[in-house]
Amino acid sequence: PLGSLLNALPAMDGVFALIGPEGGFTPDEVALAAKARCRPVSLGPRILRVETAAVALAARLLLP
């Protein structure tokens, strides 16, 4: 899902990513992010540790 979203977006100067906490975002946090026009995406079916998620996201953003 992340690759499809990135490919569909116009060129960007930067990306602001929110990596969820171990227990996931609260409904209020999800609502605030949606209000700020954040788009939910997934790095896949597995739950990654924050250290791994950050590296995986950075790698995916750098891929063409």
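Residues numbered from 1 in each chain as written. Predicted model: local features only at pLDDT ≥ 70, side-chain atom pairs only at ≥ 80, totals over all residues. Heavy atoms only, no water.

> Looking at this model, I keep getting lost on the pattern of salt bridges. Mind explaining?
Between side chains of opposite charge, a pair can form as their charged atoms come close. Enumeration over the complete set of coordinates arrives at 1 salt bridge. Between Arg 49 and Glu 51 there is a salt bridge, with the nearest N and O atoms lying 3.4 Å from each other. For Arg 49, a relative accessible area of 59% gives the class exposed. A relative accessible area of 46% means that Glu 51 is categorised as partly exposed. (Salt bridge = Lys/Arg side-chain N within 4 Å of Asp/Glu carboxyl O. Buried < 20%, exposed > 50% of the residue type's maximum accessible area, 1.4 Å probe, protein only.)

> What should I look at first to understand the environment of Val 41 in this one?
Counting through the fold element by element, Val 41 comes out in the loop between α2 (27-35) and α3 (50-62). Relative accessible area serves as the criterion here: at 40%, Val 41 is assigned to the partly exposed category. Residues Val 41 and Ser 4, 37 residues apart in the sequence, show an inter-C-alpha distance of 9.7 Å. (Helix = DSSP H or I, 4+ residues; strand = E, 2+ residues; numbered from the N terminus.)

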